[in-house]
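Architecture and fold: a report
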Amino acid sequence: MNKWFNSSFYFAFWMLLALLPMKYTFNISNQMDHDSRKVIVQMQEQSSMAPSHDEDLYSYDQSESELNGMSDQDVMDALALSEQEYQTSGSPNNPYALSPAQLDFYEASLRENSGLASNSAIDFTTIADEVAVNYEDVAACSAGKNKNRGNIEAVIVKAAKQSSMFADAISERSQESRELPRKCVTHVMNKFGASPKALARCPGGMNTAPQRGGSKPCISKNLVNLTYNHFVDVAECLNIDAKDLLPKLSNESGLLINTLGGGFDAGIGQLTQPAIEEVNKHYDRYLAEVEKAAIKKPACLRVMQYKPYLKKAKDPLAHRCSFIVPPENPMKNIMYMAIYNRMNVDNLLGTKYIAGETFIDNNGQMVALTNTPSDRIVGGKFGNNNIQAKFAQLGMTDVNLSNLATMVAFNGYNTGPSTAFNMLNEYLDKRISAKRPLTERDFDFHNPKTATDIDGKTKSVTEIARLFVRSAFIKKNDPDAKIKVKRAKLLPEKIRKSHLLTFPEFLVYNQNNFDSSILNPKNLAQKDHSKFERFAVIGAPGYLSFLASKDTALRTAFENSGADKYYCSNPNFLKIRDYKAKPMAAVAAAADDEPTPAPAAKAKAPAKPEAGARKATTSKK
């Protein structure tokens, strides 16, 4: 790496990137962020940065690059990482930063879990999935060499015999949740194709570290009911739309109790060390409010029946099985995930969860949140940073801040809560400075534009952005080094102009650790650069776009089965304006809800509506 620090390329490349320093922090206090007290006219960006034509933003003319004078070999030598460096994050003090190897693992897992080809674009809409809403027969599922697939079933059956409370948890309720049908959970669990390296086993029990090499549990009626009942109860109790969480869980855990992420992210909620630590700071207060709500809210009453399972967790990796092993889980895992979501949304909106209801704190006066554009948000990060006014200044006056808070909170799972908010705030500030109004299209994660990439192929613009950001990671003897070098030469300008692109693209280009202290000329003149950070991505660039793609795949699968496309999806997911929907028509029951005779058998789709029946949609926030 001495070549990296001593080359003229290092200084030129990162000085250009210093134009966009990323300010991140890991507390989630309601402080003013990102220099937002500054008057807009004092900001450094000038409107002259805005190109006259959008197509200029997708130019790959090397002659326009400030780094055009550098040879490809010099760039390659400067960027090349040893095997050890490839395995190590360039930002070790940031718990959300990923090493190149971790990013590889994450993206490979996404492809593998959903049946995408290796190294393909991560686009789940290309998969023609059939709905899979039937249970697996445990005897057939766990036969022969698959016997370990029946282990979790054996544990929950034993627990049900010992506890009437747990027996109730695995029973099928006569009435489903009004917010999410059971078939949606069954489908997600059936379709998740995790390999043994992405599944945990906990031979030492609760308070131990998980080991890789687990088996996908049989998707039995008992396991589906256990997962579904706890999931919808916790979501309803904490005023979270279960359909909003479904694409995330479909993307990362498949709602499987023993999924294990690349950073030992645990279970259904893929709980990370930072998330567990943050929830533990506020856990007692939220649990106390849930207990108060149990008096009047049936979902909260059902949750509190499992209070013995809801003790505050120990957060070290050595105890991570406490978020995986039944019978405490999946309830405990889901509760931590939901509280993390609830507290991040509350932090953005300045809302408070009190006895099962969500209130806006307007200067000490508690007003019920309506989840509509009419909510007057004066506190939290959105209120303190004038987010609503900034959107209005950019031409959008009917933004639903509750929808937006959900979007930012979801991105916070991946980047950290404050980084997620800072990127939104930076995007709005720079659009105002550049005098570039916004349209709803600028926040459309579900339908990204396409453009011609540097290799001449047509791709989504978010995929192009992701490939450009990844160009900074070059292994020694990297087979893609040549194309990566071409992208790397253009990357500084791409990042500098990223605020002129759509918000999904901006997020991809700005999930990184650029910090002006690294680029100070005096620091660069020092021989020892070990105290300065290398390039690192924060989370997985394109994360929200992955969730939107997964959401679209869910909609398509159920619509193709004859159900409404919003049967398992919230029309407002990742939308900043409310979707104007009609009431959703009833969905016919599946032709056969009995267990499938063997694991390989295809599940039957929900029956199509009667001839002439009109499909309709619904909206719920």
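For the structure itself, consult the block above.
In this text the structure is predicted, and so the values were computed from the model without any measurement.

Re the overall build of the protein
- Helices and strands together make up the secondary structure of the protein, namely 23 helices and 11 strands.
- Looking at the protein as a whole, 58% of its 621 residues qualify as buried.
- Within the protein, residue pairs in contact and separated by at least 24 positions form 75% of the contacts whose partners lie at least 6 positions apart.
- Carbon and sulfur atoms make up 50% of the accessible area of the protein, which totals about 25,200 Å².

Details of the packing of aromatic side chains
- Evaluated as defined, the whole model comprises 16 aromatic pairs.
- Relative to phenylalanine 443, the ring of phenylalanine 391 lies with its centre 5.6 Å away and its plane at 50°, an arrangement referred to as tilted. In this pair, phenylalanine 391 sits in helix α16 (residues 387-393) while phenylalanine 443 sits in the loop between α18 (417-433) and β8 (450-452), placing the two residues 52 residues apart along the sequence. Exposure class is identical for phenylalanine 391 and phenylalanine 443. Each is buried.
- When the centroid spacing of 5.9 Å and the interplanar angle of 75° are considered together, the rings of tyrosine 427 and phenylalanine 443 count as edge-to-face. Here tyrosine 427 is found in helix α18, whereas its partner phenylalanine 443 is found in the loop between α18 and β8, with 16 residues between them in sequence.
- With a relative accessible area of 2%, phenylalanine 443 lands in the buried category.
- Aromatic ring contacts, followed pair by pair, group Phe391, Tyr427, Phe443, Phe445, Phe503 and Phe506 into a single cluster.
- One Lys or Arg, lysine 332, reaches over the ring of phenylalanine 323 and ends 5.9 Å from the middle of that ring.
- Just above the ring of phenylalanine 124 sits the side chain of lysine 550; from NZ or CZ to the centre is 4.0 Å.

Observations regarding the state of the cysteines
- Tallying each qualifying case throughout the model produces 4 disulfides.
- One disulfide in the model links cysteine 202 with cysteine 321; its S-S distance is 2.0 Å. Here the disulfide of cysteine 202 and cysteine 321 is left-handed, its torsion about the S-S bond being about -90°. In this pair, cysteine 202 sits in the loop between β3 (200-201) and β4 (211-212) while cysteine 321 sits in the loop between α13 (298-304) and α14 (331-349), placing the two residues 119 residues apart along the sequence.
- If one numbers only the bonded cysteines of the protein, in the order they occur, the disulfide pattern is 1-4, 2-8, 3-7, 5-6.

What to know about the pattern of salt bridges
- Applying the stated criterion across every chain, the model contains 31 salt bridges.
- Between lysine 312 and aspartate 284 there is a salt bridge; the shortest N-O distance is 3.3 Å. Within this pair, whereas lysine 312 is found in the loop between α13 and α14, its partner aspartate 284 is found in helix α12 (residues 273-293), the two being separated by 28 residues in sequence.
- For lysine 312, a relative accessible area of 40% translates into the label partly exposed.
- We note a salt bridge from lysine 390 to aspartate 429, for which the minimum N-O separation is 2.8 Å. Separated by 39 residues along the polypeptide, lysine 390 in helix α16 and aspartate 429 in helix α18 bring together distant segments of the chain.
- Lysine 390 gets classed as buried once you look at its relative accessible area, which sits at 6%.
- Aspartate 429 sits in the buried class, given a relative accessible area of 5%.
- Three or more residues are tied together by salt bridges with common partners; here these are Asp104, Glu107, Glu463, Arg466 and Arg470.

Here we look at the pairing of strand β6 (residues 357-362)
- Burial along β6 is one-sided: the residues Thr358, Ile360 and Asn362 are buried and none of Glu357, Phe359 and Asp361 is.
- Bridge analysis of strand β5 (residues 351-354) against β6 gives 4 bridges, and the strand direction is antiparallel. Opposite tyrosine 353, over in β6, you have threonine 358 as the bridge partner.
- The hairpin formed by β5 and β6 contains 2 residues between the paired strands, and alanine 355 there has a positive phi angle of roughly 50°.
- Between the end of β6 and the start of strand β7 (residues 365-368), which pair antiparallel, lie 2 residues, with asparagine 363 showing a positive phi angle near 55°.

A few points about helix α11 (residues 242-252)
- Most of α11 sits inside the fold, with 11 of its 11 residues counted as buried.
- Those residues of α11 lying buried are Ala242, Lys243, Asp244, Leu245, Leu246, Pro247, Lys248, Leu249, Ser250, Asn251 and Glu252.
- Among the structural elements, α5 (100-114), α9 (182-191), α10 (221-237), α14, α17 (401-415) and α23 (543-560) are those in contact with the buried residues of α11.
- Two to three positions downstream of the cap, the backbone nitrogen of lysine 243 sits 2.9 Å from a side-chain oxygen, assigning the N-cap of α11 to aspartate 241.

Description of the pairing of β7
- Direction of pairing for β6 relative to β7: antiparallel, over a ladder of 4 bridges. Residue pairing across strands places aspartate 361 opposite methionine 366, the latter belonging to β7.

Focus: the sheet that holds β6
- The strand order β5-β6-β7 describes an open sheet built from 3 strands, whose pairing is antiparallel. In this open sheet, the two edge strands, each paired with only one partner strand, are β5 and β7. Within this sheet the neighbouring strands show an average axis-to-axis angle of 40°, counted without direction.

Some details on the packing of α17 against α23
- Interaxial distance between α17 and α23 falls to 9 Å at its minimum, and their mutual angle equals 115°. Our classification of the angle between α17 and α23 gives roughly perpendicular. By crossing handedness, the relation of α17 to α23 is classed as right-handed. Every residue of α23 that contacts α17 at Met407, Phe410, Asn411, Tyr413 and Asn414 is listed here: Tyr543, Leu544 and Leu547.
- When grouped by side-chain class, the residues that make up the contact of α17 with α23 number 6 nonpolar, 2 polar and no charged.

Some words on the side chain of asparagine 94
- On the secondary structure map, asparagine 94 appears in the loop between α4 (83-86) and β2 (97-98).
- Side-chain polar atoms of asparagine 94 contact the backbone nitrogen of tyrosine 96, separated by 2.8 Å.

Some details on the environment of cysteine 568
- With respect to the helices and strands, cysteine 568 occurs in the segment after α23.
- Once the C-alpha coordinates of cysteine 568 and lysine 183 are considered, the two residues, 385 residues apart in sequence, prove to be 8.5 Å apart.
- Leave out the neighbours within four places in its chain, and cysteine 568 touches Cys184, Lys243, Leu246 and Phe558.

Basis of the calculations
- Residues numbered from 1 in each chain as written.
- Predicted model: local features only at pLDDT ≥ 70, side-chain atom pairs only at ≥ 80, totals over all residues.
- Heavy atoms only, no water.
- Helix = DSSP H or I, 4+ residues; strand = E, 2+ residues; numbered from the N terminus.
- Buried < 20%, exposed > 50% of the residue type's maximum accessible area, 1.4 Å probe, protein only.
- Contact = heavy atoms within 4.5 Å.
- Areas by Shrake-Rupley, 256 points an atom, 1.4 Å probe, with all protein chains shown as cover.
- Phe/Tyr/Trp six-rings, centres within 6.5 Å; stacked < 30°, edge-to-face > 60°.
- Lys NZ or Arg CZ within 6 Å of the ring centre and 35° of its normal.
- Disulfide = S-S within 2.5 Å.
- Salt bridge = Lys/Arg side-chain N within 4 Å of Asp/Glu carboxyl O.
- Pairing = 2+ DSSP bridges.
- Polar contact = N/O pair within 3.5 Å; in protein donor to acceptor, adjacent residues only side chain to side chain.
- Axes fitted to C-alpha atoms, helices over the stretch in contact; angles between N-to-C directions.
- Parallel < 35°, antiparallel > 145°, perpendicular 65-115°, else oblique.
- Left-handed = near helix turned anticlockwise from the far one by under 90°.
- Nonpolar A, V, L, I, M, F, W, Y, C, P; charged D, E, K, R; others polar.

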